[in-house]
Amino acid sequence: MEVVAVRRSAVRSVVVAGLLVLGVSGGSGVSRASGVSGASEVSWASGIPRVSGSARSGPEADVAYHGRVSLEQGRLRVWVVPQNEGPAALANATLRVRLSADLADRQELAEGCVRAGLRELVCETGALPLHGRGRHIGLLLALKEPVPEVMVRIDTWWNGGASDRDLSNNQHAVLALDTGDSYAF
């Protein structure tokens, strides 16, 4: 593993897709990432690591997300099915869900999902075969307090080291009203 000097004394580590990433806690900084195909740097915007770099030299895959969102009395349901239109299969990718309202302190998350902030979580998609689907991700999230509406943003946080030329099918913003109605994306 490559050791990199950081600008501040508070060092933070996190595992991203099986890779131990070191970075600066509480500030922006850049760390080297090794072990991820096509990744050369990790940026720490908002304290959340994001792998970037020369991913264009790796495989290409078109990750897409389809699903539903509903909000009822402070409980948000999010159901997502990740897909891969190819041309390469992916061993794993990471989906990000961001909300316009704070999550309650305690959450029971689906397997492979972790909280990444007051309003954000990330989930592994599992293997994404060529022209196939990953595992279904079902979340029942409690909000800190009931709100009349929540904007839910869904996108790819890490694309398995592949490039994706069509981001239109994996970046969604869904406004869910507190009616219990289901909104598809």
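Rules and cut-offs
Residues numbered from 1 in each chain as written. Predicted model: local features only at pLDDT ≥ 70, side-chain atom pairs only at ≥ 80, totals over all residues. Heavy atoms only, no water. Helix = DSSP H or I, 4+ residues; strand = E, 2+ residues; numbered from the N terminus. Contact = heavy atoms within 4.5 Å. Pairing = 2+ DSSP bridges. Axes fitted to C-alpha atoms, helices over the stretch in contact; angles between N-to-C directions. Core = buried A, V, L, I, M, F, W, Y, C linked by side-chain atoms within 4.5 Å. Buried < 20%, exposed > 50% of the residue type's maximum accessible area, 1.4 Å probe, protein only. Salt bridge = Lys/Arg side-chain N within 4 Å of Asp/Glu carboxyl O.

K.L.:
Can you help me understand the environment of A176 in this one?
P.N.:
When you line up the elements, A176 lands in strand β14 (residues 172–177). Counting along the chain gives 27 residues from A176 to E149, while the straight-line C-alpha distance between them is 5.5 Å. In this view, A176 contacts V69, L71, P148, E149, V150 and Y183; residues no more than four positions away in its chain are not counted.

K.L.:
Is there a simple way to explain the sheet that holds strand β10 (residues 120–124) in this structure?
P.N.:
One key point about sheets: their strands pair by backbone hydrogen bonds, in either a parallel or an antiparallel sense. Read from one edge of the open sheet, 5 strands run β9-β10-β8-β13-β14, paired in antiparallel fashion. In this open sheet, the two edge strands, each paired with only one partner strand, are β9 (113–115) and β14. In this sheet, adjacent strand axes meet at a mean angle of 20° when their direction is disregarded. Where strand β8 (residues 94–99) meets strand β13 (residues 149–158), 6 bridges bridge the pair, whose relative direction is antiparallel. Each residue of the ladder has a partner; that of T94, found in β13, is W158.

K.L.:
Is there a simple way to think about the nonpolar core in this case?
P.N.:
Proteins that are soluble and globular tend to have nonpolar side chains buried together. Ranked by internal contacts, the top residues of the largest apolar core, which has 31 residues, are L76, L99, L139, V150 and I154. Elements with a contribution of two residues or more to this core: β6 (61–72), β7 (75–87), β8, β10, β12 (137–142), β13 and β14. Per-element accounting of this core gives the leading share, 5 residues, to β6.

K.L.:
Help me understand the pattern of salt bridges, please; the structure alone is not making it clear to me.
P.N.:
Pairs can form between side chains of opposite charge whenever their charged atoms are close. In the structure shown here, the tally under the stated rule is 6 salt bridges. A salt bridge links E60 to R165; the nearest nitrogen and oxygen atoms lie 3.3 Å apart. With a gap of 105 residues between them, E60 in the loop between β5 (50–52) and β6 and R165 in the loop between β13 and β14 connect regions that are remote in the sequence. Assessed through its relative accessible area of 72%, R165 is described here as exposed. E120 is paired through a salt bridge with R96; the nearest N and O atoms lie 3.6 Å apart. Taken together, the positions of E120 in strand β10 and R96 in strand β8 put the pair 24 residues apart, joining distant regions of the chain. In this pair, the class of E120 matches that of R96, namely buried. One salt-bridge network, in which partners are shared between bridges, spans R96, R98, E120 and D155.

K.L.:
Teacher, can you tell me more about the pairing of β6 here?
P.N.:
Each regular strand displays side chains that alternate between the two surfaces of the sheet. Within β6, 9 of the 12 residues are buried, which leaves it mostly tucked inside the rest of the structure. Where β6 and β7 come together, 11 bridges link them in antiparallel fashion. Bridging from a neighbouring strand, A64 pairs with Q83 of β7. Where β6 folds back on β7, the antiparallel hairpin that results is connected by 2 residues, among which Q73 adopts a positive phi of roughly 50°. Where β6 lies against strand β15 (residues 182–184), 3 bridges are found, and the strand directions are antiparallel.

Geometric descriptors of this kind do not, in isolation, establish any biological role.
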